[in-house]
Amino acid sequence: MSGLSALFALTTWQIAADGPLRRLDERAGRALVGHGPRWLTEFLADLGNMQVALPVLACAIGWSLLRGRRRAPLGAALAMAAVPLLVVPLKDWIARPGPLTEATGYYPSGHAATAAVAYGASALLLAGRGRRTWMMPVAAVLLTAATGIGLVLRGYHWPLDVLGSWFLCGLLLLLPYGFGRISRSRRRSSSRTPSC
């Protein structure tokens with residue numbers, strides 16, 4: 001947790017202070033824009049749209065509620081609600097121009113944040129027990145990474161806009177994870193308590 005906080009603080013400071021990391025980021029971003037088939041990079045970038053990511057999370061929350069879980073879905077909903085509450089003020093405060101425009105408000109990336117929280121929280125809610133528990137987290141990482149790649153290759157965001165969002169959302173994903181752990185530990189302790 002402290003590592004993510006430190007990385008987010010470092011990235012934000014470098015962007016806000018026009019540090020050397022920002023200049024390197026902008027050189028890398030300019031070199032990457034336009035690579036890849038347009039239809040594919042657009043599709044990947046769209047994975048971070050609310051219209052795509054939120055229904056995925058809503059389905060995961062619904063499934064989790066049907067399985068009798070209450071705390072983890074609440075944590076997932078709170079994490080998703082926190083995205084605009086944190087991202088929008090940061091965008092306004094930092095006012096970073098985008099790769100292909102002089103318009104400001106590009107750091108951190110809202111689309112990258114939406115993808116990270118929606119797919120990450122969905123993976124936490126849907127990960128079951130058994131042999132294939134690795135599948136959901138891998139799918140979440142792949143979808144989140146694909147979104148970030150699409151955003152950078154289309155020129156919608158600089159690479160650090162995406163990375164900064166991922167660092168921030170790694171912290172937000174502690175909500176569904178922590179709520180789920182509390183719920184599991186309470187179920188375990190209540191199953192061990194003898195009935196009178």
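Residues numbered from 1 in each chain as written. Predicted model: local features only at pLDDT ≥ 70, side-chain atom pairs only at ≥ 80, totals over all residues. Heavy atoms only, no water.

### Description of the confidence of the model for the protein
Of all residues in the protein, 88% attain a pLDDT of 70 or more, and the chain-wide mean is 89. Helix α3 (residues 38-46) holds the highest mean pLDDT among the elements of the protein, 97, whereas helix α9 (residues 174-192) holds the lowest, 59. (pLDDT = per-residue confidence, 0-100. Helix = DSSP H or I, 4+ residues; strand = E, 2+ residues; numbered from the N terminus.)

### A closer look at helix α1 (residues 2-16)
Along its 15 residues, α1 runs 21 Å from first to last C-alpha, staying within 8% of the 21 Å computed at 1.5 Å per residue. Listed in full, the buried residues belonging to α1 are F8, T11, T12, Q14 and I15. What you see down the axis of α1 is that its buried residues fit within an arc of 165 degrees, all on one side. Set apart from the buried face of α1 by more than 90 degrees, the exposed residues are S2 and W13. Buried residues along α1 sit in contact with α2 (20-32), α5 (71-94) and α8 (159-172). Positive phi shows up at D18, right after α1, with a value of about 55 degrees. (Expected span 1.5 Å × (residues − 1). Buried < 20%, exposed > 50% of the residue type's maximum accessible area, 1.4 Å probe, protein only. Arc of directions from axis to C-beta. Contact = heavy atoms within 4.5 Å.)

### Thoughts on the environment of T41
Here T41 is to be found in helix α3. Here T41 falls in the buried class, since its relative accessible area comes to 3%. The spacing of T41 and L151 is 110 residues in sequence and 7.4 Å in space, taken between C-alpha atoms. Other than its neighbours up to four places away in sequence, T41 contacts H35, G36, G150, L153 and R154.

### With respect to the side chain of R22
Within the secondary structure, R22 sits in helix α2. By relative accessible area, which is 12% here, R22 ends up buried. Sequence-distant contacts of R22, defined by excluding residues within four places in its chain, comprise Q14, I15, R96 and P97.

### Description of the nonpolar core
One recurring pattern in soluble globular proteins is that nonpolar side chains are buried together. Core analysis: the largest hydrophobic core is formed by 35 residues, its most contacted members being L57, V83, V117, L125 and L172. Every element with two or more residues in this core is listed here: α1, α4 (50-66), α5, α6 (110-126), α7 (135-153) and α8. A45, A112, V152 and V162 belong to the second largest nonpolar core, which has five residues in total. (Core = buried A, V, L, I, M, F, W, Y, C linked by side-chain atoms within 4.5 Å.)

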